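Residues per chain, in single letters:
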Amino acid sequence: MNKKVNVLVWSKQGCSYCEEVKQYLEENHFDYQTIDLTENDHLRDILDAKYGIRHVPVVEVGFGNRYDAVTEVGIGPLEDTLKHYRLSV
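Residues numbered from 1 in each chain as written. Predicted model: local features only at pLDDT ≥ 70, side-chain atom pairs only at ≥ 80, totals over all residues. Heavy atoms only, no water.

**Student:** Requested: an account of the nonpolar core, with residues and values cited.
**Tutor:** Formed by 14 residues in total, the largest nonpolar core has its most connected members in V21, L25, V59, V61 and L78. Listed in part, the 10 residues of the second largest apolar core include L37, L43, L47 and V58. (Core = buried A, V, L, I, M, F, W, Y, C linked by side-chain atoms within 4.5 Å. Buried < 20%, exposed > 50% of the residue type's maximum accessible area, 1.4 Å probe, protein only.)

As structure tokens, then:
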């Protein structure tokens, strides 16, 4: 079921919240890709244009024509978003 869903984590090295999100995804068997902003601070401009924020982590979840972004810190908002995709978490 999880293979149909795309998960993209915007993060940077040394970010404890980013590591918490990645650990959660791994423990719950979600495949994900990472965009590392550590040496690419200019990529924050993309987050600013898309969501009006410049912080990480940001998790984009979706498939088909539906994508949602989790911009709030913490596992709770991520769990809530994943439930919208009828995924077991």
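**Student:** Which residues make up the packing of helix α1 (residues 16-27) against helix α3 (residues 75-84), and what values go with them?
**Tutor:** Relative to each other, α1 and α3 sit at 40°, their axes nearing to 10 Å. Viewed along their axes, α1 and α3 adopt a mutual orientation that is oblique. Like other packed secondary-structure pairs, α1 and α3 cross with a definite hand, here right-handed. In this structure, α1 contributes E20, V21, Y24 and L25 to the contact, and α3 contributes I75, L78, E79 and L82. Looking at the contact of α1 with α3 residue by residue, the classes come out as 6 nonpolar, no polar and 2 charged. (Axes fitted to C-alpha atoms, helices over the stretch in contact; angles between N-to-C directions. Helix = DSSP H or I, 4+ residues; strand = E, 2+ residues; numbered from the N terminus. Parallel < 35°, antiparallel > 145°, perpendicular 65-115°, else oblique. Left-handed = near helix turned anticlockwise from the far one by under 90°. Contact = heavy atoms within 4.5 Å. Nonpolar A, V, L, I, M, F, W, Y, C, P; charged D, E, K, R; others polar.)

**Student:** Hey, could you go over the side chain of R44 for me, with residue numbers and the actual values?
**Tutor:** Within the secondary structure layout, R44 lies in helix α2 (residues 44-51). Among residues more than four places away in sequence, those in contact with R44 are K12, L37, I53, R54, H55 and V56.

**Student:** Go over the pattern of salt bridges, please, and point to the residues and values.
**Tutor:** Enumeration according to the criterion identifies 6 salt bridges in this entry. The salt bridge partner of R54 is D48, with a shortest N-O separation of 3.9 Å. Judged by relative accessible area, which is 37%, D48 ranks as partly exposed. Overlapping salt bridges bring together D45, D48 and R54 as one network. (Salt bridge = Lys/Arg side-chain N within 4 Å of Asp/Glu carboxyl O.)

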